[in-house]
Amino acid sequence: MIYFRRIVQAIFLALFFLLMLYPDLVTSIIPANLFFISNPLLAISTIIASRSFHMAFIASGVIIIMTIFLGRIFCGWLCPLGTTMDIFTKITHPKYKNTNPANPYLRQIKYFVLLAIILVAVFGANIAGWFDPITIAFKGYALSLYPAMDYLLKGVFTNLGLKSFISPLNDIGILDTHSVLFHNSIIFFLILAGILLVTLYQARFWCRNLCPLGALLALLSKWRFLNLVIGRHLCTECRRCQAVCKTDVFNEDFSLNDEECIQCFACVTKCAKSGVTLGFSKDKSKRTSFLPSRRGLLIASGLSILSVPLLKRSFGLKLGPSLPRLRPPGVSREEEFLSKCQRCGECMKVCPTNGLQPLLAESGLYAMFSPILVPRIGNCRYYCNNCGQACPSGAIPAMELGDKQEWKIGRAYFDTTRCIPYANKEHCLTCEEFCPVPEKAIEHIVKDGLEYPYLVKERCIGCGLCEKVCPVQGLAAIRVSPLKDAEL
Amino acid sequence: MKDLNRRQFLKSLSVLGVGVATSNYLKVRGQDQKPDDAKKSAEGGSASGGKPEPKPMVAVVEGNKPAEITLAALGILGGIDKFVKKDSVVVLKPNIAWEKPMELAATTNPEIVLTVAKECFKAGAKKVKIVERVCNDPKKCFQICGFENTFQKSGVEFVLLTNDPKEYKEVKIPNGKELQSILIAKDVLECDTFINIPIAKHHATAKLTLGIKNLMGIVGVDRRLLHHNLGQKMADILSAIKPHLTIIDAYRVLVRNGPTGGNPKDVAAVRKVIASVDTVAADSYACTLKPFSLEGKNVSCVQAAYDMGLGEMNLDKIDIVEKKL
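Presented here is an overview of the structure given in this document. Just so it is clear, the model here is predicted, and its values are computed rather than measured.

Looking at the overall build of chain B
Logical step 1: Each helix and strand counted, chain B has nine helices and 12 strands in total.
Logical step 2: Expressed as a percentage of its 325 residues, the buried residues of chain B come to 53%.
Logical step 3: Contacts spanning at least 24 positions in sequence make up 73% of the contacts within chain B whose residues lie at least 6 apart.
Logical step 4: Carbon and sulfur atoms form 52% of the exposed surface of chain B, whose accessible area is close to 15,100 Å².

Structure (structure tokens):
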């Protein structure tokens, strides 16, 4: 059974990477955002925070039903972050032995995190994406490790004179045709690395103590049918089950911390006498849980509710106009967008120009890890609507290509103190050359033999290609501004 | 392996030092020699192109099928065999710079390029490469412009140039007015025959983009930096690397909103192919095409190239052979 589980884990981790690398290859069969839309934590938080329902969330029903029937199969078998931790533990502790017994105080944290996420959502803020294991894994892999690997492999191939290897790897999508880079993406790596490092202290430390999705599934699994049963008449008290358990389900007195069980079947396989089984009947073993006390819950509730205004108001958000905050195409209202955005990073990964970048705290703490378009890095490609297709929560609406091509992300403005014809009296017009809309939004007038560009604002869609290609170094001489300052 | 003792270390160090010094010296010498070579070749080039021996010939063929008119134009110039030798390497330089479907006339018609490529293979070319430095995403450009489909199993190699300086070689421009040297793609410098296959279209900066302007796509300099005094800079580049043959695709022509276009209303069906050994002559003729109704002197690239003696601009000094299919 352990081997079967490992195969399933490997398959789902591979699927996770496959969907990450080839978002459009498998779209027809499996949606690229499968792991996000089937995630009940993100679904619940987004539904509550945005007071709206996105059809794709129906997929999360599968996980919910699965958990009610079978317990936390998701955690033990499917979760890419869990699998990553298992692999890491396998490498660091080939002969794993559970030595650090459960700390009931640590274990309660995950319920507090879950409570905070849901309460904050009730007050209209969606912060699940900061704590959800799938988004953490995706951002770590796709936004931080992938660009690093891309850079490393290209560098190695180039320096070894094996440049011819790069292009076939490009073609099959392992390497990127550009050098992708995401702002501050080291943070995503550090979070991932931190989660892996604490497994040195306790295997699956994150799952035991912190994971809000784990907490949600633990609550759901209270009524499950597939239970751990210790056949006491067979038990020789060898305590092998305790030793192999990664989430420390077995207490000293053989009472069970049921909700902690991730159904990994290690105990069942290792039990000397087949005393431990997973069965569909509940035996009379004593069961304990780590649900926080009422007082703890009340204090946590109060703090979470307080944190909403703090999140939304105490980080200089009123700096609005000076902030470059171009949201992906299709996003109209900032508040609504942030309540739906799961901070998963899908849109940034599928953006072909690398123009979609994660915000840090530039636009307030609440907007952390949400995407903005940075035209100087990459424009919004005229023939592309990937981000809307990939967004799991409808924060970026899925638009037909034709509609997206007419969507106004912002508007370009000339900075005549920097624009070459105005400032240096030299020829340029690069922006007009590149402008991709059929009726060019940039035209020019000729005065004394010199062409001066100007913008026809009705035609500009704010794609930012002009800003990207502007030959003025540093701050471009034409820049896209949001049409309306975000209200927050 | 033996450990080094101090004496050996010093010895090898001194040998290494001498080696480095001489290699550096040799390198300096090598660089000293280069301009002479470049000058020689430039003189050679101007000797054949500058003297008004025979009038340069421009073949203009009109017809409904891109492949047929291309073949006919090549036929008028004496067939591709004149330019492509057996076992030679041929580089084709179409315009695939923008991600627009070919019907919008922002990029060279792939059928015309394929016809030329096939002819090159027929003439015995060992290798045919398409070299281009793309403005938008290279992969998408090839897909959207129809090259990926057209060139399946054609045996033609695609070279997508990037910003990597290793892909280019610096070439001196002894007669350059704006540029003293320029980075040009190695693939182009090392080939035996270089065939330029631009599309004729409107261009915001250059008025029209034709054969001379098409050379932008083999240059390793950030193209944005060439936009000041573009005409002269392009002419300088032409003096450094002259295509052996220029075939202008005027089958569909973009009249407004160039070079990217996008509006089907801006496309005019001219159904012509213009071919010549003289890039300037071909460009100059293309300026006069009906939807443009310009002259060579109106387009800065053509005028500057003519001023530098790189080709003939006056249509009455050009032998124009027109044919209708």
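There's plenty left to go through after this.
Let's talk about the packing of aromatic side chains
All names here are of chain A.
Logical step 1: Summed over all chains, the structure comprises 20 aromatic pairs over all chains.
Logical step 2: With a centroid separation of 6.2 Å and an interplanar angle of 70°, the aromatic rings of Phe16 and Tyr141 are classed as edge-to-face. Here Phe16 is found in helix H1 (residues 2–21), whereas its partner Tyr141 is found in helix H9 (residues 133–159), with 125 residues between them in sequence.
Logical step 3: Looking at Phe16, the relative accessible area reads 2%, which means it is buried.
Logical step 4: Judged by relative accessible area, Tyr141 falls into the buried class, the value being 13%.

Considerations on the packing of helix H3 (residues 40–50) of chain A against helix H13 (residues 212–220) of chain A
Residue and element names in this part refer to chain A.
Logical step 1: As a packed pair, H3 and H13 sit with axes 9 Å apart at the nearest point and diverge in direction by 95°. Classed by the angle they form, the pair H3 and H13 counts as roughly perpendicular. Packed against H3, whose contacting residues are Pro40, Leu41 and Ile44, the element H13 presents Pro212, Leu213, Leu216 and Leu217 at the interface.

A closer look at the interface of chain A and chain B
Logical step 1: Every contact between the two is made by 32 residues of chain A and, on the other side, 32 residues of chain B.
Logical step 2: Buried surface at the junction of chain A and chain B, both sides included, amounts to about 2,400 Å², of which 48% is carbon and sulfur.
Logical step 3: Of all residues in chain A, A:Arg381, A:Tyr383 and A:Glu433 give up the largest surface area on contact with chain B, accounting jointly for 26% of the area buried on that side.
Logical step 4: At the boundary of chain A with chain B, the tally comes to two salt bridges.
Logical step 5: For A:Glu433, the salt bridge goes to B:Lys213, with nearest N and O atoms at 3.8 Å.
Logical step 6: On the surface where chain A and chain B come into contact, there are eight residue pairs in polar contact (both at pLDDT 80 or more).
Logical step 7: Going through the elements one at a time, helix H10 (166–171), helix H22 (430–434) and helix H23 (465–469) of chain A are the ones with two or more residues in the side of chain A that touches chain B.

Here's the deal with H1(A)
All names here are of chain A.
Logical step 1: Between its first and last C-alpha atoms H1 spans 28 Å; for 20 residues at 1.5 Å apiece the expected length is 28 Å, and the two agree.
Logical step 2: Within H1, the full set of buried residues consists of Ile2, Arg5, Val8, Gln9, Leu13, Leu15, Phe16, Leu19 and Met20. All buried residues of H1 lie within an arc of 150° about the axis, which places them on one face of the element.
Logical step 3: Where H1 is buried, its residues meet helix H2 (34–37), helix H5 (73–78), helix H6 (80–92), H9, helix H15 (266–270) and helix H18 (346–350).

Remarks on unusual backbone geometry
Logical step 1: Omega for the bond connecting B:Gly258 with B:Pro259 falls within 30 degrees of zero, at 0°, which places this linkage in the cis form.
Logical step 2: For B:Pro259, the position within the fold is in the loop between strand S10 (245–254) and strand S11 (267–276).
Logical step 3: A positive phi angle is found at A:Asn184, which is not glycine, with a value near 60°.
Logical step 4: Positive phi, close to 65°, is recorded for A:Leu429, a residue that is not glycine.
Logical step 5: Along the chain, A:Leu429 falls in the loop between helix H21 (420–424) and H22.

Details of the nonpolar core
One recurring pattern in soluble globular proteins is that nonpolar side chains are buried together.
Logical step 1: By size, the foremost hydrophobic cluster in this structure holds 126 residues, and its most contacted members are A:Phe74, A:Leu81, A:Trp206, A:Leu228 and A:Phe250.
Logical step 2: With eight residues, the top contributor of residues to this core is H9(A).
Logical step 3: Residues B:Val58, B:Ala235, B:Leu238 and B:Met313 belong to the second largest nonpolar core, which totals 57 residues.

Some words on the pairing of strand S1 (residues 57–62) of chain B
All names here are of chain B.
Logical step 1: Most of S1 is tucked away, with five of its six residues classed as buried.
Logical step 2: Note: S1 against strand S12 (residues 319–324), six bridges, orientation parallel. For Val61, the partnering residue across the bridge sits in S12 and is Lys323.
Logical step 3: Bridging between S1 and S11 involves five bridges; their strand directions are antiparallel. Bridge pairing links Glu62 to Lys272 in S11.

Topic: the packing of H1(A) against H9(A)
Residue and element names in this part refer to chain A.
Logical step 1: Running from N to C, H1 and H9 cross one another at 55°; their axes reach a closest spacing of 11 Å. In this view, H1 runs oblique relative to H9, as classed from their interaxial angle. In the packing of H1 onto H9, the handedness of the crossing is right-handed. Of H9, the residues touching H1 (which contributes Phe16, Phe17, Met20 and Leu21) are Ile134, Ala137, Phe138, Tyr141, Ala142 and Tyr146.
Logical step 2: When its residues are assigned to classes, the contact of H1 with H9 shows 10 nonpolar, no polar and no charged.

Remarks on the pattern of salt bridges
Logical step 1: If you walk through the whole model with that rule in mind, you get 20 salt bridges over all chains.
Logical step 2: Among the salt bridges present, the one from B:Arg271 reaches B:Glu62, with a minimum N-O distance of 3.7 Å. In this pair, B:Arg271 is assigned in strand S11 and B:Glu62 in strand S1, connecting sequence segments 209 residues apart.
Logical step 3: Two residues, B:Arg256 and B:Asp266, come together in a salt bridge whose shortest N-O distance is 3.3 Å. On the criterion of sequence distance, the pair formed by B:Arg256 in the loop between S10 and S11 and B:Asp266 in the loop between S10 and S11 is long-range, its members being 10 residues apart.
Logical step 4: The exposure class assigned to B:Asp266 is buried, which follows from its relative accessible area of 3%.
Logical step 5: When salt bridges that share partners are traced, they join A:Asp86, A:Arg204 and A:Lys246 into one network.

About the criteria used
- Residues numbered from 1 in each chain as written.
- Chains lettered and ligands numbered in written order.
- Predicted model: local features only at pLDDT ≥ 70, side-chain atom pairs only at ≥ 80, totals over all residues.
- Heavy atoms only, no water.
- Helix = DSSP H or I, 4+ residues; strand = E, 2+ residues; numbered from the N terminus.
- Buried < 20%, exposed > 50% of the residue type's maximum accessible area, 1.4 Å probe, protein only.
- Contact = heavy atoms within 4.5 Å.
- Areas by Shrake-Rupley, 256 points an atom, 1.4 Å probe, with all protein chains shown as cover.
- Phe/Tyr/Trp six-rings, centres within 6.5 Å; stacked < 30°, edge-to-face > 60°.
- Axes fitted to C-alpha atoms, helices over the stretch in contact; angles between N-to-C directions.
- Parallel < 35°, antiparallel > 145°, perpendicular 65-115°, else oblique.
- Buried area = accessible area lost by both parts, 1.4 Å probe.
- Salt bridge = Lys/Arg side-chain N within 4 Å of Asp/Glu carboxyl O.
- Polar contact = N/O pair within 3.5 Å; in protein donor to acceptor, adjacent residues only side chain to side chain.
- Expected span 1.5 Å × (residues − 1).
- Arc of directions from axis to C-beta.
- Core = buried A, V, L, I, M, F, W, Y, C linked by side-chain atoms within 4.5 Å.
- Pairing = 2+ DSSP bridges.
- Left-handed = near helix turned anticlockwise from the far one by under 90°.
- Nonpolar A, V, L, I, M, F, W, Y, C, P; charged D, E, K, R; others polar.

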